[in-house]
Amino acid sequence: MNRLIIFLPLLILLMICFFVLMYLLSNKDPNKPPSALINKNVPIFISKSLYDSDYVIKSEDLKNKKVLINFFASWCIPCKVEHPLLFEISKSYPDVYLLGLNHKDKSNDAKNYLSQDGNPYDFVGVDSDGMIALEFGVFGLPETFLINENGKIVYKFMGPLTKEIIKNEIIPLL
Amino acid sequence: MSSLIGFASLVLAILFNAYLIFSNFFIKNNGKVFNLFIRTSSVLTIISFFSLMFAYVVSDFSNFNVFQNSHSEKPLIYKISGTWGNHEGSMLLWVSILSIYGLLFSFTKNIDLKFKQETLLIQSSIHILFGLFIIFTSNPFLINSVIVEEGLGLNPILQDPGLAVHPPILYAGYVGYSIVFSQAIASLLNHNKNKDWISVAKKWSLISWTFLTAGIALGSYWAYYELGWGGWWFWDPVENISLMPWIAGLALVHSLLMAKGEQLLKKWIIFLSILCFSLSIFGTFLVRSGILTSVHSFASDASRGLFILLIFFIITGFGFLIFLLKTPESSKPINFLFINKASALVINNILMIIATLTILLGTIYPIIVEVLTNDRISVGGPYFNSTVIPIMIPGFLLMSIAPILSWQTNKVRNARLYVLGFVVISFIVLIQSYFSTFNTWGVLGLILGIWIILASCISIISSSKINYDFKLLQKINPYIAHIGVGVAIIGITCSSVFKNEYELNINEGDKFQIENTMISLEKIEMTNEINFQALRANFLIEKNKKIVARIKAGKNYYPVSKMITTEAGIFHQWYRDIYFIVGDQKDNNWFVKVYINPFVSFIWVGVLIMVLSGFIGISKR
Amino acid sequence: MKSYLSYKIVFITIYFIFLSLEIFANTTLEEKVKKLTLELRCMTCQNQSIYDSEAEFSNDIKKIVRSKFKEGKSEKEIKQFLVERYGEYILFKPLLNYKNWFLWAFPFILLVFSLFFISYKIRKN
């Protein structure tokens with residue numbers, strides 16, 4: 001019994017080192033928590049179009065197709081960085097429905113931004129009060145979600161997309 | 001040039017240590033040669049540190065580290081403190097303090113030579129490990145590949161007097177446990193023949209604990225005025241990391257006390273000695289690897305994390321392995337009665353260790369969960385408040401009666417007096433609380449705090465005779481420390497439970513009243529300082545139509561790093577702090593947040609008393 | 001021995017008086033919001049609670065928490081709502097579920113274990 005207790009510190013040490021090592025080697029970013037919505041259904045939302053407020057998109061409209069939802073804003077500098085890459089996706093994968101959600105933005109600013117840098121989206125929805133972003137658990141722009149034909153969220157990325165991320169993470173899922 | 005000197009002396013210091021350890025396997029060094037080697041290597045490390053500091057002071061931007069973290073326009077004090085305001089420099093400070101401890105210990109007289117040398121050899125091995133870490137992963141002496149005129153500047157949050165004092169003192173605490181660790185291992189290797197190390201360990205563990213206490217309190221105070229949300233403790237991982245060796249060290253100091261009562265818990269003391277230093281290194285690892293998010297800013301890099309993890313594994317593993325192989329045989333059974341000094345100390349030790357382990361688990365639990373389930377959770381303040389505090393409360397209760405317990409018997413001296421005191425205090429606090437805001441924790445904390453102070457005072461009065469000299473001071477020293485704890489408990493309780501806050505939208509010239517105090521926002525001004533722009537709101541505090549104080553609160557903008565820091569304005573009174581924060585301007589009005597923190601100064605005073613008592617304890621022969 | 005027992009009795013009675021008193025205290029909306037937001041993490045900050053933070057994200061969540069309380073939702077329901085969207089990471093106080101039971105049980109396991117140890121040692125003496 002006494003012998004066992006003396007082994008305990010070493011055992012605990014080994015366990016701590018094991019877990020910490022695994023964590024270090026898995027290259028996790030402390031500032032980017034994994035999403036709670038992975039493998040869950042798309043949250044229910046309705047969004048008006050940026051260009052025509054009579055025209056709306058609902059979560060039910062996203063069924064039976066692959067959808068890439070991208071939260072963006074004209075005031076968000078990293079969004080500008082990833083913007084050209086969205087064109088590449090829409091060009092090489094025309095089947096993918098690209099839904100842009102304009103987060104907490106003035107509609108004129110957003111329109112100017114999209115006319116200057118181009119509009120890669122199939123639909124631009126407005127999320128002026130951030131309530132849709134709340135449903136998606138978005139807290140920092142840009143954020144990108146990939147939704148499969150069954151309406152399940154299969155992938156989420158925080159921060160500006162990069163070529164590597166698109167190639168290694170998103171394209172395999174398309 | 002200074003970079004070269006610094007690097008060369010660090011390498012030489014490591015080589016000296018390596019040679020010393022290597023040669024010790026073959027020839028028996030005599031004491032003089034041995035000491036010469038140890039001291040030379042220590043001095044070389046210190047020279048290395050000062051040459052880095054020199055590079056900072058003269059703004060030598062040919063040094064890459066200086067270029068990245070300094071700026072020629074900075075005031076001198078921040079140039080000096082900038083030396084350890086970054087990862088590389090702070091690791092060099094770590095190793096320098098390690099050397100200073102080795103140097104000081106090499107001057108200790110009247111102890112067994114073999115024990116002393118083995119302690120220093122272990123100390124040297126630790127020095128080599130961390131020295132190699134600096135050279136291979138975080139070298140502060142790299143030469144800048146391009147010639148530049150100006151540096152990139154220091155993180156604005158670190159441009160604060162806090163940086164000048166907090167890290168060196170905190171490190172003096174952390175690293176001090178290295179010598180306690182080395183002594184414990186050396187005494188194990190020596191087959192526990194000498195009893196010297198108990199008295200030696202008592203001194204060094206008290207030194208480390210005192211510095212650690214002061215370091216944590218300084219850090220806490222720094223966070224209090226710098227972070228700007230009125231709190232002083234957030235159960236942040238970085239804080240937990242410092243708290244673990246502190247509690248374990250407290251347990252160590254107390255269990256070393258039991259050696260006085262002829263009841264030696266040698267196994268336990270050695271275990272604690274190893275634990276304290278392990279926790280210190282583990283803390284260094286967690287902070288430096290950047291695997292935790294923290295409100296306190298740190299330079300971190302995951303690749304270095306692996307190296308420190310390895311060092312942590314080697315040192316801790318070695319320590320506990322020796323502990324396993326050379327377990328000291330059980331000493332005399334302790335005189336464990338239902339309620340005597342020995343059992344009170346043992347119970348307190350157990351509670352402290354449970355608290356330490358709970359904090360440890362809470363801090364690393366998110367890592368474990370993420371590895372196992374790929375989900376991320378948070379373990380924050382509410383968890384620690386609802387586990388650690390209830391665990392500590394019986395400990396505080398025991399602490400307050402500990403002075404009246406005896407070593408040998410079950411009898412309690414002056415028991416009636418103490419029971420009466422406790423009951424009276426409880427009722428006074430309870431009645432008082434009816435007339436103010438009622439809160440369970442508040443009442444509990446107040447009763448405990450006041451009672452600890454009172455019980456310690458009664459003990460001092462009943463134990464002292466008329467001759468007031470230094471000896472008496474040493475005799476009543478434990479009670480002094482406990483009074484400090486009581487004062488701190490009152491401060492902690494009041495400032496966290498009875499804190500009030502007011503949110504206002506006001507403009508220049510507006511007046512408002514908060515808890516019997518008239519405060520007016522006189523004016524808002526923008527000024528240009530040497531390396532930042534300052535926005536300051538001037539508050540005028542009046543009481544009974546007399547001007548009591550003028551307080552400035554606001555924000556700084558640092559153009560070099562494009563950062564904004566909050567500069568809280570604090571009006572200190574002995575029984576409360578009025579804490580001002582200025583937010584943004586909206587529709588011509590300024591958002592102002594005012595916190596009333598009752599008795600917050602008691603925390604710092606309490607800690608100060610503990611630190612003073614620590615120094616009295618150290619000076620004891 | 002006897003005096004120690006009286007300490008205990010006094011302490012325990014007083015403690016229970018406190019506990020019973022606090023149950024009767026009714027809390028206002030702002031107090032409820034404060035209590036809950038103190039237990040929530042500001043996702044855009046570095047380890048700061050939503051209550052303490054003035055970040056945009058925190059202000060949004062504060063608004064939502066306030067409106068949910070007004071709708072009559074309980075603290076538990078609001079937490080559930082947020083966890084579904086942001087994950088358990090947003091809670092500073094971990095939920096009591098299969099992942100975290102060890103975290104919550106650990107201090108009590110240690111306490112019970114050491115209680116046995118102490119009583120064993122005392123009986124031996």
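Please refer to the structure placed before this passage.
Quick summary incoming for the structure in this document. (Residues numbered from 1 in each chain as written. Chains lettered and ligands numbered in written order. Predicted model: local features only at pLDDT ≥ 70, side-chain atom pairs only at ≥ 80, totals over all residues.)

## Regarding the sheet that holds strand E5 (residues 546-558) of chain B
All names here are of chain B.
Turning to step 1, where the next piece is worked out: Ordered by their spatial adjacency, five strands build an open sheet running E2-E3-E4-E5-E6, and the pairing between neighbours is antiparallel. At either end of the open sheet lies a strand with only one pairing partner, and these are strand E2 (511-514) and strand E6 (563-567). Here the average twist between neighbouring strands, direction ignored, is 25°.
Turning to step 2, where the next piece is worked out: Of the pairings in the sheet, the one linking E5 to E6 comprises five bridges and is antiparallel in character. By the bridge assignment, tyrosine 558 is partnered in E6 with methionine 563. (Pairing = 2+ DSSP bridges. Helix = DSSP H or I, 4+ residues; strand = E, 2+ residues; numbered from the N terminus. Axes fitted to C-alpha atoms, helices over the stretch in contact; angles between N-to-C directions.)

## Structural notes on the interface of chain C and chain A
When the parts come together, some accessible area is lost, and that loss is often what is quoted as the size of the interface.
Turning to step 1, where the next piece is worked out: If you look at the interface, chain C gives eleven residues, while chain A gives ten residues.
Turning to step 2, where the next piece is worked out: If you tally residues by element for the side of chain C that touches chain A, the top one is helix H4 (residues 75-86) of chain C, at four residues.
Turning to step 3, where the next piece is worked out: Taken together, the residues of the side of chain C that touches chain A break down into six nonpolar, two polar and three charged. (Contact = placed C-beta atoms within 7 Å. Nonpolar A, V, L, I, M, F, W, Y, C, P; charged D, E, K, R; others polar.)

## Structural notes on the sheet that holds strand E4 (residues 97-103) of chain A
Residues and elements named next belong to chain A.
Turning to step 1, where the next piece is worked out: Overall, mixed pairing links the five strands, which are arranged E5-E4-E3-E6-E7 in an open sheet. Looking at the sheet topology across the chains shown, the edges are occupied by strand E5 (123-127) and strand E7 (153-158). Put simply, the sheet's adjacent strands are angled 20° from each other on average, direction ignored.

## Remarks on H4 of chain C
Residue and element names in this part refer to chain C.
Turning to step 1, where the next piece is worked out: The terminal C-alpha atoms of H4 lie 16 Å apart, and with twelve residues this matches the ideal 16 Å at 1.5 Å per residue to within 8%.
Turning to step 2, where the next piece is worked out: Those residues of H4 lying buried are Ile78, Lys79, Leu82 and Tyr86. Looking straight down H4, one finds that the buried residues subtend no more than 100° of arc, so they occupy a single side. Among the exposed residues of H4, those pointing more than 90 degrees away from its buried face are Lys76 and Gln80.
Turning to step 3, where the next piece is worked out: Looking at the buried positions of H4, the neighbouring elements they touch are helix H2 (29-38) and helix H3 (56-70).
Turning to step 4, where the next piece is worked out: Two residues or fewer after H4 comes glycine 87, characterised by a positive phi angle close to 85°. (Expected span 1.5 Å × (residues − 1). Buried ≥ 20, exposed ≤ 12 C-beta atoms within 10 Å, placed from the backbone. Arc of directions from axis to C-beta.)

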